[in-house]
Amino acid sequence: MTQAPKIGLVSLGCPKALVDSERIMTTLRAQGYSFSRDYAGADIVLVNTCGFLDSAKQESLEAIGEALNENGKVIVTGCLGVEEELIRETHPNVLAITGPHQYESVVSAVHDHLPPVPNRFVDLVPESGLKLTPRHYAYLKISEGCNNRCSFCIIPQIRGDLVSRPAAGILSEAEGLIRSGVKELLVISQDTSAYGIDIKFAESKYRGRDVKAKFYDLAKELGQLGAWTRLHYVYPYPHVDQVIELMAEGLVLPYLDIPFQHASPNVLKSMRRPANQEKTLDRIRKWREICPDLAIRSNFIVGYPGETEEDFEFLLDWLEEAEIDRAGCFKYEPVTGAPANELPGIVPDEVKEERFAQLMEVAQDVSYHRLAQKVGRTIDVIVDDVRPEENRVIARSKWDAPEIDGQVIVDNAGGIKIGDIVSVTVTDSDEYDLFATPARPAN
Ligand code: SF4
């Protein structure tokens, strides 16, 4: 297994610079980088500088010099970054220089000089998401590791058992992100519904109150910060019902990313999936009663060892009945070190291919019908991209996570900017996307 690339971070200056550093760290951490406490252990060093006073400039230049001497590979960011000439005169060997609040450029410079190591079995962020995280959304990691032992997965071997962050730390980070312009928080972990179990749901002080490290409590607190809160990697445990109520109240986005991986009881048991004993279809029905607007995204594996034709048919029927709004699919591949490699009943590649195509066809059909039901509705969307030459913006609804789900293509969209949340009327739909125009302003 390739080791995660390591970054050293020297953070100078005021609290705003600190928030920038945290933001950069969060983005890089979510992309699989790790951090080193010393220069020697780092593959590259980031120096977040301050340029407010001459003394601060001097201190920043000295910090860059020290990082160059001790490590040699240095990227400079922060307030002094606007004085590129001064930095280059003193330290011609720095690899890249960016200014304050230029998260995307810093992350991009890190990618250029120390590329991330994508690993779809370990990464929480899709590979396509590695380019940049735009300023208006951010990943918020609430725990590391996992207490489950799914037979196809080596994450617990690599990252260890579940280690949850105290709620107060997560909430402060979320607040900082929102202060720096983030409009949408994407909550990630390996098993979000298990949050806090390892620390016995310990309370921590946030704004003078005790907040429990519990899935429901954290979701509620995050939902009150004023940004969209989207939950990824949730398993269908009974206690998730309560969180669906928060979605019905509009505090948390009506969206659940649940990696079901399969539906057939035989396969789920062999996969050793969490919550595989729960009556999932009943649970989903109940969730939709509580929150009719709920969208469910999931991922499935076809061709798992021992998967019979019957198991696969069961999965297809289940997919239709559960009306999974957004489904992704992998053809099973052995991962070095995973217990599933020892299982009998290897599925031939051509059968995997066939099942993959069949599943995607059913998934597309379900998605098509689910999206068609949205036509005529007026909904809020968040804008990811603007195309002024076409008078069009590319946005997402509350039912779409960035990079993995569909889009809302909004026409006649002059004057709308990236990161805006706007109200639109859905005029059409296809298998994956919605089409819309801005809703008329209310009288
Ligand atoms: S829940 Fe299963 S698949 Fe997910 S990280 Fe834990 S062991 Fe791996």
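The notes below deal with the structure included here. (Residues numbered from 1 in each chain as written. Predicted model: local features only at pLDDT ≥ 70, side-chain atom pairs only at ≥ 80, totals over all residues. Heavy atoms only, no water.)

**Re the overall build of the chain**
Part 1 of the reasoning: Each helix and strand in the chain was counted, giving twelve helices and 20 strands.
Part 2 of the reasoning: Taking 22 Å as the expected radius of gyration for a compact globule of 443 residues, we find that the chain reaches 23 Å, a close match to that expectation.
Part 3 of the reasoning: Seen through its C-alpha atoms, the chain measures out along the principal axes to roughly 70 × 65 × 45 Å.
Part 4 of the reasoning: Within the chain, the proportion of its 443 residues that are buried is 53%.
Part 5 of the reasoning: Contacts in the chain between residues at least 24 apart in sequence constitute 71% of all its contacts with a sequence separation of at least 6.
Part 6 of the reasoning: The chain carries 47 positive and 68 negative side-chain charges, and their two centres are separated by 5 Å. (Helix = DSSP H or I, 4+ residues; strand = E, 2+ residues; numbered from the N terminus. Rg over C-alpha atoms; globule rule 2.2 N^0.38 Å. Buried < 20%, exposed > 50% of the residue type's maximum accessible area, 1.4 Å probe, protein only. Contact = heavy atoms within 4.5 Å. Lys, Arg positive; Asp, Glu negative; His and termini not counted. Charge placed at Lys NZ, Arg CZ, Asp CG, Glu CD.)

**Section: the side chain of D257**
Part 1 of the reasoning: Turning to its location among the elements, D257 is positioned in strand β13 (residues 255-257).
Part 2 of the reasoning: Of the side chains bearing the opposite charge, R297 lies closest to the buried D257, which forms no salt bridge; the N-O distance is 5.2 Å.
Part 3 of the reasoning: Polar contacts involving the side chain of D257 include one to the side chain of H232, which spans 2.8 Å.
Part 4 of the reasoning: Once residues lying within four places of it in the same chain are set aside, the contact partners of D257 are L231, H232, Y233, V234, R297 and I404. (Salt bridge = Lys/Arg side-chain N within 4 Å of Asp/Glu carboxyl O. Polar contact = N/O pair within 3.5 Å; in protein donor to acceptor, adjacent residues only side chain to side chain.)

**Section: the packing of aromatic side chains**
Two measures describe an aromatic ring pair: the distance that separates the ring centres and the angle between the ring planes.
Part 1 of the reasoning: Counting across every chain of the model gives five aromatic pairs.
Part 2 of the reasoning: Considering the side-chain rings of Y137 and Y139, the 6.4 Å spacing of their centres and the 90° angle between planes classify their relative orientation as edge-to-face.
Part 3 of the reasoning: On the basis of an interplanar angle of 75° and a centroid distance of 5.0 Å, the ring pair of F260 and W318 is categorised as edge-to-face. In this pair, F260 sits in the loop between β13 and α9 (265-271) while W318 sits in helix α11 (residues 309-322), placing the two residues 58 residues apart along the sequence. Across the pair, W318 and F260 agree in class, each one buried.
Part 4 of the reasoning: Members of the aromatic cluster, each reached through a chain of ring pairs, are F152, Y304 and Y332.
Part 5 of the reasoning: Looking at R230, its charged tip hangs above the ring of Y255, at a distance of 4.5 Å from the centre.
Part 6 of the reasoning: Positioned over the ring face of W399 is K374, at 4.1 Å from the centre of the ring. (Phe/Tyr/Trp six-rings, centres within 6.5 Å; stacked < 30°, edge-to-face > 60°. Lys NZ or Arg CZ within 6 Å of the ring centre and 35° of its normal.)

**Let's talk about the pattern of salt bridges**
Part 1 of the reasoning: Taken as a whole, this structure holds 30 salt bridges when the rule is applied.
Part 2 of the reasoning: When the shortest N-O distance is used, the salt bridge between R88 and E84 registers 3.4 Å. Taken as a pair, R88 and E84 lie in helix α3 (residues 84-90) at a separation of four residues, close to a single helical turn.
Part 3 of the reasoning: E307 is the partner of R355 in a salt bridge, and the nearest nitrogen-oxygen pair spans 2.7 Å. Of this pair, R355 sits in helix α12 (residues 349-372) while E307 is found in the loop between β14 (295-302) and α11, placing the two residues 48 residues apart along the sequence. Comparing R355 with E307, the two get one shared label, buried.

**Notes on helix α10 (residues 280-290)**
Part 1 of the reasoning: Taken as a whole, α10 has its buried residues at T280, R283, I284, W287 and R288. End-on view of α10: buried residues confined to an arc of 135°, all on one side of the axis.
Part 2 of the reasoning: Residues of α10 that are buried sit in contact with α8 (240-248), β13, β14, α11 and α12. (Arc of directions from axis to C-beta.)

**Quick notes on the packing of α11 against α12**
Part 1 of the reasoning: Direction vectors running N to C along α11 and α12 enclose 15°, while the axes themselves pass 9 Å from each other. By the criterion of interaxial angle, the relationship of α11 to α12 is roughly parallel. In this structure, α11 crosses over α12, and the sense of that crossing is right-handed. On the side of α11, the interface is formed by E309, F312, E313, L315, L316, L319 and E320, while α12 contributes R355, Q358, L359, V362, A363 and V366.
Part 2 of the reasoning: Tallied by class, the residues present in the contact of α11 with α12 amount to eight nonpolar, one polar and four charged. (Axes fitted to C-alpha atoms, helices over the stretch in contact; angles between N-to-C directions. Parallel < 35°, antiparallel > 145°, perpendicular 65-115°, else oblique. Left-handed = near helix turned anticlockwise from the far one by under 90°. Nonpolar A, V, L, I, M, F, W, Y, C, P; charged D, E, K, R; others polar.)

**Some words on the sheet that holds strand β19 (residues 421-429)**
Strand pairing within a sheet occurs via backbone hydrogen bonds; the two strands may be parallel or antiparallel.
Part 1 of the reasoning: Around the barrel, which closes on itself, the five strands sit in the order β16-β17-β18-β20-β19 with mixed pairing between neighbours. Averaged over all adjacent pairs, the angle separating strand axes in this sheet is 50°, with direction ignored.
Part 2 of the reasoning: Relative to strand β17 (residues 392-397), strand β16 (residues 378-387) runs antiparallel, the two sharing six bridges. Bridge pairing links V381 to S397 in β17. (Pairing = 2+ DSSP bridges.)

**With respect to the nonpolar core**
Part 1 of the reasoning: Formed by 53 residues in total, the largest nonpolar core has its most connected members in L231, M247, L256, W287, F300, I324 and L359.
Part 2 of the reasoning: Excluding residues that lie within four positions of it along the chain, L256 makes contacts with L231, V234, V240, I244, M247, W287, L294, A295, I296 and R297. (Core = buried A, V, L, I, M, F, W, Y, C linked by side-chain atoms within 4.5 Å.)

**Thoughts on the packing of helix α6 (residues 167-179) against helix α7 (residues 215-223)**
In a pair of packed helices, the angle between the axes and the distance between the axes together describe the arrangement.
Part 1 of the reasoning: Following both chains from N to C, one finds α6 and α7 inclined at 20°, their axes separated by 10 Å at the closest point. Of the possible angle classes, the one that applies to α6 and α7 is roughly parallel. Taken as a pair, α6 and α7 cross one another with a handedness that is right-handed. Residues A167, I170, L171 and A174 of α6 pack against L218, E221 and L222 of α7.
Part 2 of the reasoning: Class assignment of the residues belonging to the contact of α6 with α7 gives a composition of six nonpolar, no polar and one charged.

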